[in-house]
Structure formats: C-alpha cells, structure tokens
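Residue-level listing of the chains:
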Amino acid sequence: MTDIPRTRETRPATAPASSRSGAVRETRAPQVRPATEGWTQQKDAEGRPLLQFASPKRGKPPVHLADLTPAERVEKVKELGLPGFRAKQLSTHYFRHYTSDPEQMTDLPAGIRSELVAGLLPPLLTEVRRLETDRGDTIKFLWRLHDGALVESVLMRYPGRITLCVSSQAGCGMNCPFCATGQAGLTRNMSTAEIIEQIVRANRLIAEGGLGGKKADDHSMERVSNIVFMGMGEPLANYKRVMDAVRSMVAPQPDGLGMSARGITVSTVGLVPAIKKLADENIPVTFALSLHAPDDHLRDELIPVNSRWKVDEALDAAREYYEKTGRRVSIEYALIKDMNDHAWRADLLADKLNARGRGWVHVNPIPLNPTPGSIWTSSDKDVQDEFVRRLNDAGIPTTLRDTRGKEIDGACGQLVATTEDEAASAAMG
C-alpha cells in the first residue's frame, strides 16, 4: 500500500492532558508497566518473552467428517464399503440436525449406523464442566480433547443473535502478560473438526432449550448466528485449520453449517503475514486486531509479538484488509487502569487510524477482565468514558464492549484451564 505519514509514537509517561476539550483525567496520570503477578512469564535465551508459533507435536485427533471436504467424505464412506450417497446423509445429521447419535439416524439402515458413526463421527469433545450465569443466557463449557488437553468455549444470547466464542488452540503461544490463556503456553493446535464441534454441540444445546434468556417452548429453529475466534489461542497461528473451519461454517447445509461469513469474526494480536493472507481468502469475515496500545514502547511489553511486527505494520495490514474486502476492521483495546488508558493514548490511536483514512475502522474498548492472581484491573468509569469520547470526537466510531461472563470467568482474556479443571477432568477417567 502507499506510504502513510507516521504520527509520533513516544510521549512522556506523565504526558499533560491534551488540549482537546472535555478532559476529566488528572494531567499527570501514573504509568503502570506490564508485569506478571502470580505466574512466571516464559522467556527465551535472550530474556525476551517466548513466542510459540509452531504447535508442539502430540498425537493427532481422529479424522472426523468435519476435517474432510464433501468429496473426501464420499471417498471415506466408500473405503468403508458403503455407497457414496451415505456421506450426504451423514452430513445432514451432523451439520443440519447437530447429532452424532446413530440412534437418531433412522434414514440409515440399522446395520450400518454404528459403523458409519465410528468411522466418520468419532468423539472429539468430552464435556468436563458447564457454568452458567444466573439467567442462563451465558454458558461456559470446559471441554477435554482426545489427548487430555482442555479448552473452553462461551455461548451467549444477545437480543437478536446468539454468539459463540470458540477456541482454536489449547493454550496460546503469544505470551501476553495480561491474558490468562497464555500463562501455560501453547499445548497444541486444535483440528478443524474440534473447532467445528464446539459449534455443533452449542447448536444441539440451543435446540434442546438449554440456553436461557428466551421464553419459548420451541427452540428447534434457533442456532448460533455469530462466531468470534476470541477463545483460547491465536487463530492466525493455526491458520489452515481455522480457515478450513470457516469454510465449513459458511458452506451451505448439509455440506457445512450454512452460516453467514459476515457473522464470523477472526481476531489476531498482529501476525502481519497471516493478516495479508486472510485478506486474499475472498471470504468476507470480520477482522479484529487486538491492539491494546498505540505506541510501540508500551505494546512491545504488553503484546510480545509486537517485537516482530510493530504497531504501524499491523495497522497497515488491517487497512489493507479493508481495502481488499470492503469489510470494516475492528480494533480491540483492553482498557487497563493507568497502563494504556491515558487520554493521550486515545489521541494517538485516533491520529494513527485517521492517518490511514476514514470509515475503515471501528474501535471496541473493553474494560479489562481481571484474572486470578493479577494485580491489574479495569480503568475507572470516568477514564473509560473519556477514552471513548476522545476517539468518537476524532471521528473514530467507538463502542465500549459489553463484557459478558465475568462472573463465570468466561469473558475475554479469562479462558484458562485451571488446576481445578484438570482435577475435574482427571476424575472423569
């Protein structure tokens, strides 16, 4: 893309309040530096935060229907000595009726149901625990994978939509000090089918009336309408499997889930080459960049991958995504008290975004969701309001995000497999 004038990145930690009207913050706000509390951040030989891009080698999950293309499903069925059209019947049960139960597949001959299910619908996720809010409209699932790895997903009902926050990796290798998921590092990438199975299991629960928040007897037509790749893991570090999962999500039923690509959000902390690759996929998903700081001085510490690709590089790639797809980009920004919530940082963020044009971006500030053992906390409400006001006044559409699931540790940055979870998983055998 064309060169864009750069704005100044460095300002003193106690920068005076901007001359923009309406400032409510103290002119000399403190500057808290990123640091871990209650856990030790993994470092490389040079003492820098360790980044894990490659998945550790572990036993692969069994091949599943959702790992295969429609043509491959036909070939797999034929390998089992059955006619190819059975693949379409099996796909209909899985992608339209959300079931892997052979007893419910009454259109299949009774003698082959179990064989087909065993060959193409092996179990992938075992539910270890389910936590709900009081109203039951937010549910967090703890799943055990075939090798004992633990992941979580969160199902949320909003007015007019049902959103599922899915995991794409067990653990995370990006090592951000404020995020619970990355504390134990990366266990492994999830398979395409393991990603899809989170949605299928959620859809089954919804159809059975298991998601609260709506008074109705018949939930059979309800299903997940929106997907956010904001659970465990860095989605673009598991690029191929995530994109294969997205293709299955948007493929018409019964080849896939028949979802709208515009209801799918893929997020990243800033893997620039993968962002550019995503822009060329010709799938109009929503792209979200987890920025969290507009200046390299702070972001180097807050988001370790910034040591590879700086703020301006990530924003250039985000702008390129907009230019190629026409899809407005979301900027995610966790507001952390006295660390990244200074008024001058709101001004700097607005300057950087406006330098790349107007109308291409939307900012979602998110009050930090504290994690166990962390000394960090969310910004004061007046500071949040001032941060949002400055961005809006600069012409940047900005909406403070509703943080759902905090009381069940199901909000952004809170997903982590605890020792209690591991004990519960072990007790299941």
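Because the structure is a prediction, the values reported are computed rather than measured.

Parameters at a glance
- Residues numbered from 1 in each chain as written.
- Predicted model: local features only at pLDDT ≥ 70, side-chain atom pairs only at ≥ 80, totals over all residues.
- Heavy atoms only, no water.
- pLDDT = per-residue confidence, 0-100.
- Contact = heavy atoms within 4.5 Å.
- Buried < 20%, exposed > 50% of the residue type's maximum accessible area, 1.4 Å probe, protein only.
- Helix = DSSP H or I, 4+ residues; strand = E, 2+ residues; numbered from the N terminus.
- Pairing = 2+ DSSP bridges.
- Right-handed = clockwise from strand over helix to strand, strands pointing away.
- Arc of directions from axis to C-beta.
- Disulfide = S-S within 2.5 Å.
- Phe/Tyr/Trp six-rings, centres within 6.5 Å; stacked < 30°, edge-to-face > 60°.
- Lys NZ or Arg CZ within 6 Å of the ring centre and 35° of its normal.

*Asks:* Got a minute to help me understand the confidence of the model for the protein in this structure?
*Replies:* Interpretation of this model should avoid reading the predicted coordinates in detail wherever pLDDT is low. With 86% of its residues at a pLDDT of at least 70, the protein reaches an overall mean of 88. Contacts from residues 21-26, a stretch scored under 50 in pLDDT, to residues over four places away or in other chains number 13 contacts. In this model, residues 410-415 is a region of pLDDT below 50 whose contacts with residues beyond four sequence positions or in other chains number 30 contacts.

*Asks:* Help me understand the pairing of strand 10 (residues 329-335), please; the structure alone is not making it clear to me.
*Replies:* Among the seven residues of strand 10, seven are classified as buried, and the element is accordingly described as predominantly covered. Two elements, strand 9 (residues 286-290) and strand 10, share three bridges in a ladder whose sense is parallel. Among the inter-strand pairings, L289 is bridged to a residue of strand 10, identified as I331. In terms of strand pairing, strand 10 meets strand 11 (residues 361-367) through seven bridges, oriented parallel. Directly across from I331, in strand 11, lies its bridge partner V363. Assessed by its sense of winding, the connection that carries the chain from strand 10 through helix 9 (residues 343-354) to strand 11 is right-handed.

*Asks:* Mind showing me how you'd approach the environment of D218 here?
*Replies:* Residue position: D218 is located in the loop between helix 4 (192-207) and strand 7 (226-229). Between the C-alpha atom of D218 and that of A207, which follows or precedes it by eleven residues, the distance is 7.9 Å.

*Asks:* Would you mind going over helix 6 (residues 272-279) with me for this structure?
*Replies:* Along an α-helix, residues three or four apart share an orientation, since each turn contains 3.6 residues. Here helix 6 has its buried residues at V272, A274, I275, L278 and A279. Buried residues of helix 6, seen end-on, are gathered within an arc of 160 degrees and therefore sit on one face of the element. Where helix 6 is buried, its residues touch helix 5 (239-250), strand 8 (264-268), strand 9 and helix 8 (311-325).

*Asks:* What exactly am I supposed to notice about the state of the cysteines here?
*Replies:* Each disulfide consists of one covalent bond between the sulfur atoms belonging to two cysteines. Applying the stated criterion across every chain, the model contains zero disulfides. There is no disulfide at C179, and the cysteine sulfur nearest it, in C176, is 6.4 Å away.

*Asks:* I keep staring at the packing of aromatic side chains and nothing clicks. Help me out?
*Replies:* Each aromatic ring pair is described using two quantities: the centre-to-centre distance and the angle formed by the ring planes. As enumerated under the stated definition, the model contains six aromatic pairs in all. Centre to centre, the rings of F53 and W309 are 6.2 Å apart; their planes meet at 80 degrees, and the pair counts as edge-to-face. In this pair, F53 is assigned in the segment before helix 1 (70-79) and W309 in the loop between helix 7 (296-302) and helix 8, connecting sequence segments 256 residues apart. Look at F141 and W143: their rings are 5.1 Å apart centre to centre, the planes differ by 15 degrees, and that puts the pair in the stacked class. Pair check on accessibility: F141 and W143 agree, each one buried. Sitting over the ring of Y158, R161 keeps its end group 4.1 Å from the ring centre.

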